[in-house]
Each structure stands twice: as C-alpha cells, then as structure tokens.
Amino acid sequence: MAGPGGDMQWCFSQVKGAIDDDVAEADIISTVEFNHTGELLATGDKGGRVVIFQQEIENKSLPQFRSEYNVYSTFQSHEPEFDYLKSLEIEEKINKIRWLPQKNAAQFLLSTNDKTIKLWKISERDKRPDGYNLKEEDGRYRDPNTITALRVPVLIPMDLMVEASPRRVFANAHTYHINSVSVNSDNETYLSADDLRINLWNLEITDRSFNIVDIKPANMEELTEVITAAEFHPHQCNTFVYSSSKGTIRLCDMRISALCDKHSKLFEEPENPSNRSFFSEIISSISDVKFSHNGRYMMTRDYLSVKIWDLNMENRPVETYQVHEYLRSKLCSLYENDCIFDKFECCWNGDDSVVMTGSYNNFFRMFDRGHRRDTTLEASRENGKPLQVLRPRKVCTGGKRKKDEISVDSLDFNKKILHTAWHPQDNIIAVATTNNLYIFQDKVN
Amino acid sequence: MSEENEETQTAEETPVEDTETQDKVISPEKAEEAKLKARFPNLGHKPGGSDFLRKRLQKGQKYFDSGDYNMAKAKIKNKTLPTAAPEKTEITGDHIPTPQDLPQRKPSLVASKLAG
C-alpha cells in the first residue's frame, strides 16, 4: 500500500541492462510503463524492442519484502521502415507503450513508433496437446494403415511459455510523428497524437480512424506551435487534453463537436513580458502531460519545472515545482548541445500525493505535495547494493561546494533520465537511464 | 524547496558581462540570450517560429532520392551540382545527399540487453 508520503526511504532493488559504457543506439530506452495492477512493467527501446518484466511476489509479510521483477516476455514490436515517397526512413523506436486494462487471461498493450500503432497480445501457454492419432510425437505423420486403435488427445502440462502476437496494426493515419497514445476509460477507443493532429480509433477497427484535432494551418509558413502530448481523462470518456510547444494545454470535450479544434478549456500561465527572452518559448514547451489518478488534476512538465493544474482553474497552475532551476543560467550551452530540447516525462504516485520526474546526471526528483518536501536521488550502480538506501543528492550553484554536493558544471548532460514510472499502488518506481532500468522501492513498503 | 528562488538569486549575483549596461541585474535567461547572440549573430528574430518547428516536423534521416537529384540537376543546368550541406535540417529536394553523407544504418537483430 502507498505510504503516508512523508519520510519515504528509497532503496535500490534491481538494475537491468548492460554494464558497459559503450551504449548501442538500439539499447536506448525510450519508454517505461507499469500495467494497471503493477504486476507487469514494460519497456520500449530505440531498436523497436519491447521487454516486459513480471513481479514475482515473494512472501509479502516478511519485513525484507522485495518485489523482484523478472523478464516475462520480449519481442520485436516495430521494424525500421522506409517511406519511399519522401525518401525518409521511419524509425523503429518505440515512442510510447500503454497497457489496456485486463479483461481475460491475456494481457494487451499498445506500442507505437513514429507512424504505426500496434496492439500486442501477450498470453501464457502452459499446456500442450498430446496423443494425436495421425501424428507422431515429433510431428511426423503416421501411416494410416498402421493405426489399429483410436485415442482421444489430451492436454498435458508444459513449461510456461509466454507468447506475444500482434493482433491489430493501426497504420497510415499519421503524416507527422506520433508522440502520444492514450486508451480511453471506455475501453473501446484510444487516441493517437502527432505533431499536428489527433486521431480517435476503435481498438477493433484498423482501417478507419476519426480525426478529432487538426491544428495544421492552411499555409505551413504560419505554423507557430505543435502538439507535444495528449491524454484521455481517467474517468470521463468524453474528455481529453493536449499540450503544445508554446506551454498551453487544451481540454476538449468530444460531446460538443466531432472536430475538437475549439477547446473547452485553455490552461495557460500568464508570462511577464519583460521576462521574455529567446529561450522563453523553448523552455515553456510542455514535454509531458498526465492526469492525476483521481481525475481532478493534471501535471505538466516543461524544461525547468513541473506544474500541477486544477482542472477547474485555467489561468494558472496550483503548484509549481522547480526541477533544476540552476540550469537557467546555462541555457546558452544547453541550446548549443541540443539538451534544451530534451523531453522529460513525469508521473504521479498511486494516491496522487507525490510526483516524480527526471533530470541530468542520472538524477531524478520527487515532490511531496502534502508535506512540501522535495528530494533528489541518483540512479547509479554505485548505489547498487540490495536494499541500500539512496542518499539525497544536492547540486550546488554558488562557489562554495559542500562535501557531498556536485557543482552544476560537473553535471553529465549525457546522462539524462527522461522516463520514469510509478507502480499504481505501491511505492515501487522504475527509472530509466540511457540504457539501464533501475527499480527502487520504499523501505517501509 | 519548491517555490523558493534561492538558486536564481545566486545566479543573478554573478557579474554582468556587459559593463556598459546601466541596469546591473539582468535575469540569467537574458544573460544567456546575450551569450548566444554573441556566438551566433545571424540567429533569427523569431526563435520559436517556423524554423524550429519545421526542423521538428522533419525529423528523420533523409536518404538519397534519384527523383530529387535529377530534378535539382535539371534546375541548375550548366552549373555544377551543389554538394550536400553539412546541416542536417534541409527539408526538400534542393538538398542533394551523396552516398558519403549518409550514415550507415545498423538495424537491431539481437535481443535487448534488458532481457539478458
């Protein structure tokens, strides 16, 4: 069960992935997602592969209860493709994975690259048929003349086999690059969003989708903003939001009209015009938007901060948390090395009391909304002893660096934590560094 | 802490680069902007505008296209063909990639190391 929120002590649990520093492009983790029970944890990478881990529930009553996640299934979800018309390659990188709520014995997830969304079925097989009349054990056909008696084939137990099969392929509906996929609470539809358009699909139907948002201007020279993320409301099946590169969030109600170009609500924090600089718009671009579990709030992540919005208040966020404000005086070099365009994600804990997001130097940040506390932790193999408590990290900006602190100039901007996920009920988190997946858990748990 | 601006104030206290400015306290963002403009004087006046977004929409490795190549060749007629610009953000057919400019693609055939 989720802890009270105060005094969480995070401990190392596991790390997945190769140790060597030479990271192959394909191994770069591009998405991390728990399923609705938290029993399964999926990752996608730049090589188009999906790896699913399953939680092995050891004796939960033991004080040293450790939830171990072990490999459950792995498959190649997307392959590299080529758009012959535009002479462009289509990356196989998995941009997003979203689980469907479980309806039967099998598990389903949606995985998407830039252009194509696929529905994958992951099912278990632990029995096999035995005793065919016309076939031998090894599959060879028996000579019918040698058969003197009939038998009824039976199902016998076998070693567990987990199979992944693509059940639907939703293709050719996006001219631009898909950044988001979100399953509706109605469990029948889902949306996919690219830079300029959002489409609504039925999970059963692959040859048709409805366009519900289109912000493409008639003249592309007039383009001023793009869609950066979109999500359905967790309970209201008619409501979704999408964020933009200009720092705004639009909430749309599908009951009002078929094409939701006119928003129902526009969330935007007014900016002091005298503070405006070359970087203002770039750092205000929202890289992720997530509804709270209770559906009353949404969280947005821009380059330097995390903001919590009350859905009933459009003119400003109710809470703002600085993730790494010390980077404001480094924007010039962050622009030159392209880091200013990094897209960090954010997530809520199970009871919406704590939010988490990543930063550089393999640091990640947690903000406890109730206790007004924040902490910085590091995902590193140096803290990799089982159940080792992570000590808080601190970045120093001034001249005087205290013993345990790290100075801004020593931060490694190649070590970025863009993807994090929080177990839907327990205090277990998955944190992805470039090519490794760390799992931490709260000591008290 | 969430709302305090301690770190911002520290940054503001660092010496302002342009000593001729009467206003001594420049926001860190504007100081960074000045640095950038000093390094890239030709930077466009509409920073968040079309250029950025077009680059963003473009994303992806452009390969050699014989159609583009021949059309560009036809346009130029007698002059020599322009070689591919080093900038990776060219969008349409005026850019003529040559085999030397293209990075080698190595699709992943092995299993993910996370599963190892």
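Above: the structure in question.
Everything numeric here is computed off the predicted structure, so don't read it as measured data. (Residues numbered from 1 in each chain as written. Chains lettered and ligands numbered in written order. Predicted model: local features only at pLDDT ≥ 70, side-chain atom pairs only at ≥ 80, totals over all residues. Heavy atoms only, no water.)

A. Representation of the sheet that holds strand E1 (residues 10-16) of chain A. All names here are of chain A. As summarised here, the arrangement of the four strands in space is E1-E32-E31-E30, forming an open sheet in which the pairing is antiparallel. Of all strands in the sheet, those bounded by a partner on one side alone are E1 and strand E30 (419-422). Neighbour-to-neighbour, the strand axes of this sheet turn through a mean angle of 20°, independent of strand direction. Across six bridges, the pairing between E1 and strand E32 (residues 437-442) is antiparallel. Bridging from a neighbouring strand, valine 15 pairs with tyrosine 438 of E32. (Pairing = 2+ DSSP bridges. Helix = DSSP H or I, 4+ residues; strand = E, 2+ residues; numbered from the N terminus. Axes fitted to C-alpha atoms, helices over the stretch in contact; angles between N-to-C directions.)

B. Structural detail: the state of the cysteines. Under the counting rule described, the total for this entry stands at zero disulfides over all chains. Here Cys237(A) stays free of any disulfide, with the sulfur of Cys260(A) as its closest cysteine sulfur at 13 Å. (Disulfide = S-S within 2.5 Å.)

C. Looking closely at empty space enclosed by the protein. Summed over the entire model, instances satisfying the criterion amount to two cavities of 30 Å³ or more. One number sums up the size of the largest cavity: a volume of about 70 Å³. Taken together, Lys96(A), Arg98(A), Asn179(A), Ser180(A), Val181(A), Ser182(A), Ala229(A), Ala230(A), Glu231(A), Asp288(A), Val289(A) and Lys290(A) make up the lining of the largest cavity. For the lining of the largest cavity, the elements supplying multiple residues, two or more each, are strand E8 (96-99), strand E12 (180-183), strand E16 (227-232) and strand E20 (288-291) of chain A. Within the lining of the largest cavity, the residues separate by chemical class into four nonpolar, three polar and five charged. Quantified by volume, the second largest cavity comes out at close to 40 Å³. Along the walls of the second largest cavity sit Asp27(A), Asp45(A), Asn435(A), Ser112(B), Lys113(B) and Leu114(B), which together make up its complete lining. (1 Å grid on protein atoms, 1.4 Å probe; cavity = no way out; pocket = protein on both sides within 12 Å on 5 of 7 lines; lining within 4 Å. Points joined across faces, edges and corners; volume = space filled by probe spheres on them. Nonpolar A, V, L, I, M, F, W, Y, C, P; charged D, E, K, R; others polar.)

Geometric descriptors of this kind do not, in isolation, establish any biological role.
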